[in-house]
Number of protein chains: 2
Amino acid sequence: MEKPELNLKMLEEMIQIGDRRGVEALLETLTAPQTARSISRLDEPLRIALLRLLSSDDAADLIEELPGFQAATLIEEMEPRNAASIVEKMESADRADVLGVLKEDEANAILDEMAPEQAASARHLMAYPPDTAGGLMITEYMAFGEKSTVGDVVAKLRAQSERFADYQVQYVYVVSARGVLKGVLRLRDILLAKGAAPVESVMIRSPLSVPVTADLDDLRHVFQQYGFVAIPVVDGEKKLLGVIRRAAVEAAAGEEAQQSFLKISGIVGGEEVRTLPLFQRSSRRLSWLSVNIILNVISASVIALYQETLAAVIALAVFLPIISDMSGCSGNQAVAVSIRELTLGLVTPRELFRVLRKELSVGLINGVVLGLLLSVVALLWRGNPYLGLVVGGALALNTLVAASLGGLLPLMLKRVGMDSAIASGPILTTVTDMCGFFLVLRFATYLLPYLT
Amino acid sequence: MEKPELNLKMLEEMIQIGDRRGVEALLETLTAPQTARSISRLDEPLRIALLRLLSSDDAADLIEELPGFQAATLIEEMEPRNAASIVEKMESADRADVLGVLKEDEANAILDEMAPEQAASARHLMAYPPDTAGGLMITEYMAFGEKSTVGDVVAKLRAQSERFADYQVQYVYVVSARGVLKGVLRLRDILLAKGAAPVESVMIRSPLSVPVTADLDDLRHVFQQYGFVAIPVVDGEKKLLGVIRRAAVEAAAGEEAQQSFLKISGIVGGEEVRTLPLFQRSSRRLSWLSVNIILNVISASVIALYQETLAAVIALAVFLPIISDMSGCSGNQAVAVSIRELTLGLVTPRELFRVLRKELSVGLINGVVLGLLLSVVALLWRGNPYLGLVVGGALALNTLVAASLGGLLPLMLKRVGMDSAIASGPILTTVTDMCGFFLVLRFATYLLPYLT
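Residues numbered from 1 in each chain as written. Chains lettered and ligands numbered in written order. Predicted model: local features only at pLDDT ≥ 70, side-chain atom pairs only at ≥ 80, totals over all residues. Heavy atoms only, no water.

(A) Focus on the confidence of the model for chain A. Residues and elements named next belong to chain A. Taken over all residues, the pLDDT of chain A has a mean of 88, while the share at 70 or more is 97%. Averaged pLDDT values for the elements of chain A fall to 63 in helix 13 (residues 161-166) and rise to 96 in helix 22 (residues 385-415). For this predicted complex, the interface score ipTM comes out at 0.83, alongside a pTM of 0.84. (pLDDT = per-residue confidence, 0-100. Helix = DSSP H or I, 4+ residues; strand = E, 2+ residues; numbered from the N terminus.)

Written out as structure tokens, the structure reads:
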């Protein structure tokens, strides 16, 4: 079994006595999550000492292994000069990500300490929105003029074999004098060609490329459709800007799914890990909870309108939370299916009628079944079939409402550009609570003579 | 804008008149999600006709583009003989996935129609659990004996350039006579070496490999730690079995996050899309809902024990659903953070005390804030400070309970091997509802003289 506590004590001692070799050897044995856990458990001064102890290259490798928010925290804690020397050794896309997460003045302080050329390139990448081709691409690629020969390419590959090895290059690009992408050479094409052959004769002409503005959905679809490991990224004039790798797109898509999962559970305004300061954790969670408590008070105010009915049939108070919770469950199922279908592209945001039709039928069946179940519970408990009719009927109708609304909400929110993972839940439960409370208490008021 | 309706009509007509060229050209213009959507909107006979119309190669490409459950449905609908001819053209990992999803007799019917060697290899891959190195690896790789030369490798690559191109091979493997993995050759090493050089002199010795039993967490960690595009998969005796690619691991991890998202929203027992039969959709959702309604009845029965208190202070009925819903929200936030930290490896399932400590402090702050808010609402509405004390105090205490329990549940469920995405929600809300109802009504019973 893993023993992070043990590693941690050894690591702390080694950092304290400045045992660089020992620290390097120890970090080597840890998996990425173990590293992340160890770093998160070190006190701030020791974390800084650790990064100072390592070479910039090793420190950059260490930071690249950590989840994004943790990497940013580490960089923030360092002096800008030290941070710059480490950030310079990172891969272009990771570097832009980490700097992009920092506050503007902190990022600028680090950029000012970097080599001017590197800083300019980092600023350039940081300007692209994170989950677009521009934000995910790397700028470590090799491009050759149209008139080059295969021999030229091999010579340069040989000369730069170090850099080449680091970036897992699989393709080499051919560009015009103006930088316009003309072709792609695969390593295997180079391998199988004669040295004197012009690259033009071997390259794939008018290769597939993606615009720098392509968003994550576009990128996922392109990589789903084509088997390539990497695709060149171009601007509006087809000039080569960078390379987007399949693994970066898959990782970003996985991250997006994780974020949806967090957001639908009420973790909004940024990722939370338990090493964040207490106040930040509680205030982020509260920002979400306080919106919800207001919405809850609004929907519960429907109950306040029917206090006389409730006073006459106190048993109804037992069923109100059940109807609220069950409608929420039915609605959330439909929300999840819609979000999933939108992600897979199986439904477009305009197909409201199709989704409504599909959810109405499921909502009807499930509403009838759940309504009957609840009626039976009410009947067994109180022996009054009218009470069963009231609570069962209200649950049946409200399940229909919840499934339909839950199915439609993600489509409607997407059309107006809102984040359905954040907004669907609160809107759904507020509407279904109000509607559910109203139905039970309205029905009960009609049938009051039979309930008392 | 996309116009799937238009494409669909054209596609239907082309299939009906058997216009193979037209269908191929049309499919070529569609993105993967558009293809998936179009296929899902075709009637079953037309779907079958479409697959018959295409060449096996094109049909295999089409099926590889679709989400797994949709691919399996298509294969199921076909005659085993036709299905076999298409499945044979699929990539080994995709083929095993699709066959693995089918019912056993259906999969066997197709395997029986396949070439014996291919069927044996597919059965072999299907035997590995899906989210392990064995389940995700491909068997399309090239291996050479230790005594081969770089020239041998180049000659074989040239001879098999078609197969080579299809599988995006980046490495070539060197094995002993018994099949034990001895080294890895990168394309660039081959490119930069002399033809007469023995592969042993160029290869990376004792290369990184993963055991065939490695699970998705292990694989994700290995790829996080090392920059490789693909890693060889070996058995207990270090014999080479296949190759696992980074993109396959990233895709499986993304899929897992999507599944957690669906499960936490109550879509269990398999993926749901709205093209599934109505009865299947409603019964799957009901299986989850009916467990929940029973749990809800159990927790609401706490209210039934305090009907006299409720009858005396009918205003309490307004607050019960608020306290139930808010505690659920606070608990779900903590559940999401724990699931996320477990995924990232930032916490181990045994660190219960650490999580409890972290959640108690957040729960205390948030409980006090939310409790005060609700007290103020109660005070403004009824003008009775004791009512505020009862509902505010109960919400404060119950928020503490919900945050602590929510934080601990995923760790405890992981330790006993249960799926926390499915089980956390129902357990959490049942406990917090019971506890919340009890606290409000118990406090109210104590303070009854001041509330009426």
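(B) Geometry of the sheet that holds strand 7 (residues 240-245) of chain A. All names here are of chain A. If you trace the 3 strands from one edge of the open sheet to the other, you get 5-6-7, paired in mixed fashion. At either end of the open sheet lies a strand with only one pairing partner, and these are strand 5 (210-211) and strand 7. Note that strand 6 (residues 230-234) and strand 7 share 5 bridges and pair antiparallel. Within strand 7, the position partnered with Val 234 by the bridge is Leu 240. The strands that helix 17 (residues 246-264) touches are strand 6 and strand 7; relative to strand 7, the one it contacts most, it runs at about 65 degrees. (Pairing = 2+ DSSP bridges. Contact = heavy atoms within 4.5 Å. Axes fitted to C-alpha atoms, helices over the stretch in contact; angles between N-to-C directions.)

(C) Just the nonpolar core, in detail. Judged by nonpolar contacts, the single largest core of 73 residues is most densely connected at Leu310(A), Leu316(A), Leu387(A), Leu310(B), Leu316(B) and Leu387(B). Look past the residues within four positions of Leu310(B) in its chain and what remains in contact with it is Ile314(A), Ala317(A), Ile303(B), Leu316(B), Ala317(B), Leu320(B) and Leu441(B). (Core = buried A, V, L, I, M, F, W, Y, C linked by side-chain atoms within 4.5 Å. Buried < 20%, exposed > 50% of the residue type's maximum accessible area, 1.4 Å probe, protein only.)

(D) Just unusual backbone geometry, in detail. All names here are of chain A. With phi around 70 degrees, Lys 238 is a residue other than glycine that occupies positive phi space. Residue placement: Lys 238 occurs in the loop between strand 6 and strand 7. Among the residues examined, Lys 238 registers a relative accessible area of 47% and is labelled partly exposed.

(E) Seen up close, the environment of Arg21(B). With respect to the helices and strands, Arg21(B) occurs in helix 2 (residues 20-29). On the basis of relative accessible area, Arg21(B) is assigned to the exposed category, the value being 70%.

(F) A look at empty space enclosed by the protein. One pass over the structure, following the stated rule, counts 8 cavities of 30 Å³ or more. Its volume calculated, the largest cavity comes out at about 770 Å³. Lining of the largest cavity is provided by 35 residues; of these, Gly328(A), Asn332(A), Thr429(A), Asn332(B) and Thr429(B) occupy positions nearest its centre. Looking at the lining of the largest cavity, the elements that each hand over two or more residues are helix 18 (278-304), helix 20 (316-344) and helix 23 (420-446) of chain A together with helix 17 (246-264), helix 18 (278-304), helix 20 (316-344) and helix 23 (420-446) of chain B. The element best represented in the lining of the largest cavity is helix 20 of chain B, accounting for 7 residues. For the lining of the largest cavity, a count of residues per class yields 14 nonpolar, 16 polar and 5 charged. (1 Å grid on protein atoms, 1.4 Å probe; cavity = no way out; pocket = protein on both sides within 12 Å on 5 of 7 lines; lining within 4 Å. Points joined across faces, edges and corners; volume = space filled by probe spheres on them. Nonpolar A, V, L, I, M, F, W, Y, C, P; charged D, E, K, R; others polar.)

(G) Spatial organisation of the relation of the copies chain A and chain B. Note on the identical chains: chain A maps onto chain B by a rotation of 180 degrees and an axial translation of 0.0 Å, with an RMSD of 0.1 Å. What the rotation and shift describe, once combined, is the action of a two-fold rotation axis. In terms of proximity to the rotation axis, the leading residue of chain A is Gly254(A), whose C-alpha is 1.9 Å off the axis. When the interface residues of chain A are mapped onto chain B, 98% of them are again interface residues, pointing to one common binding face. (Least-squares fit on C-alpha atoms with pLDDT ≥ 70 in both.)

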